[in-house]
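Residues per chain, in single letters:
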Amino acid sequence: GGGTLCIFSARAYSTCLRGQLSSNVRRQKQAMPHAKVAFEIQNDDGSTEVETLWAEPLGEHVYRLDNSPFYVYSVSWRDEVLAPPSADGLPTVQRVVSKSGNRTVRIRLDPPYEDGNESAKVMQELVAMGCSFEGSRNRLMSVNIPPELSLSAVRDHLIARDLEWEHADPTYEQLYPSVATDA
């Protein structure tokens, strides 16, 4: 199996990690037509991997992302992307058309998320701040930071909790270009 995908927010916090989307999120997803869009990820060795995200078709090969990325950088939930079909027919992202204002950080939890444990508490704290998140295999969390929430407040919280995490959108290099090039 490919793990479980879960979507959490302050409105739709549920027992999702066992494989059930909350009823609020499930109803929202059924109400909109969805498609998968592919992001090609270049590895250091020249090989390519693909991450697919759910998206809402807007017309003329433009899609609004409807989940958060686990591996792709510089995109976030609700960003709009241009994704014409590739040779195999799968819409493949060429570029971001419009940024939503959302930002993404990713957290690797240890121990894995389980109801009531310290990792669950960390995620509940982020939800209380106004974030939402998706989880894969109860260990990797893609956290959405809405436009009205300070990225530095979330960053400071993650640092204070001594978590393993990374900037995904914007990336560390985009936030601190002079530091990143000096490293």
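Here, every reference points to the structure presented above.
Only a predicted model underlies this, so the values are computations on that prediction, with no experimental measurement involved.

Caption draft 1: View of the packing of aromatic side chains. A complete count under the given rule lists two aromatic pairs for this structure. The interplanar angle of 45° and the centroid separation of 6.4 Å between the aromatic rings of Y113 and F133 together place this pair among those described as tilted. Taken together, the residues Y113 in the loop between β7 (103-108) and α2 (118-129) and F133 in strand β8 (residues 132-136) connect sequence positions 20 residues apart. The two residues Y113 and F133 agree in class, both being buried. Taking 5.0 Å as the distance between ring centres and 50° as the angle between the ring planes, the aromatic pair formed by Y172 and Y176 counts as tilted.

Caption draft 2: Highlighting the packing of α2 against helix α3 (residues 151-160). Direction vectors running N to C along α2 and α3 enclose 160°, while the axes themselves pass 11 Å from each other. The orientation of α2 with respect to α3, classified from their angle, is roughly antiparallel. Seen from above, α2 lies across α3 with right-handed handedness. Where α2 abuts α3, its residues E125, L126 and M129 lie against A153, V154, H157 and L158. Looking at the contact of α2 with α3 residue by residue, the class counts come to five nonpolar, one polar and one charged.

Caption draft 3: Focus on the side chain of D169. Relative to the helices and strands, D169 is located in strand β10 (residues 164-169). Residue classification places D169 among the buried positions, given a relative accessible area of 5%. Reaching out from D169, the side chain makes a polar contact with the side chain of S76 at a distance of 2.6 Å. Polar contacts involving the side chain of D169 include one to the side chain of K99, which spans 2.7 Å. Discounting chain neighbours no more than four positions away, the residues touching D169 are S74, V75, S76, D79, K99, N102, R103 and T104.

Conventions and cut-offs
- Residues numbered from 1 in each chain as written.
- Predicted model: local features only at pLDDT ≥ 70, side-chain atom pairs only at ≥ 80, totals over all residues.
- Heavy atoms only, no water.
- Phe/Tyr/Trp six-rings, centres within 6.5 Å; stacked < 30°, edge-to-face > 60°.
- Helix = DSSP H or I, 4+ residues; strand = E, 2+ residues; numbered from the N terminus.
- Buried < 20%, exposed > 50% of the residue type's maximum accessible area, 1.4 Å probe, protein only.
- Axes fitted to C-alpha atoms, helices over the stretch in contact; angles between N-to-C directions.
- Parallel < 35°, antiparallel > 145°, perpendicular 65-115°, else oblique.
- Left-handed = near helix turned anticlockwise from the far one by under 90°.
- Contact = heavy atoms within 4.5 Å.
- Nonpolar A, V, L, I, M, F, W, Y, C, P; charged D, E, K, R; others polar.
- Polar contact = N/O pair within 3.5 Å; in protein donor to acceptor, adjacent residues only side chain to side chain.

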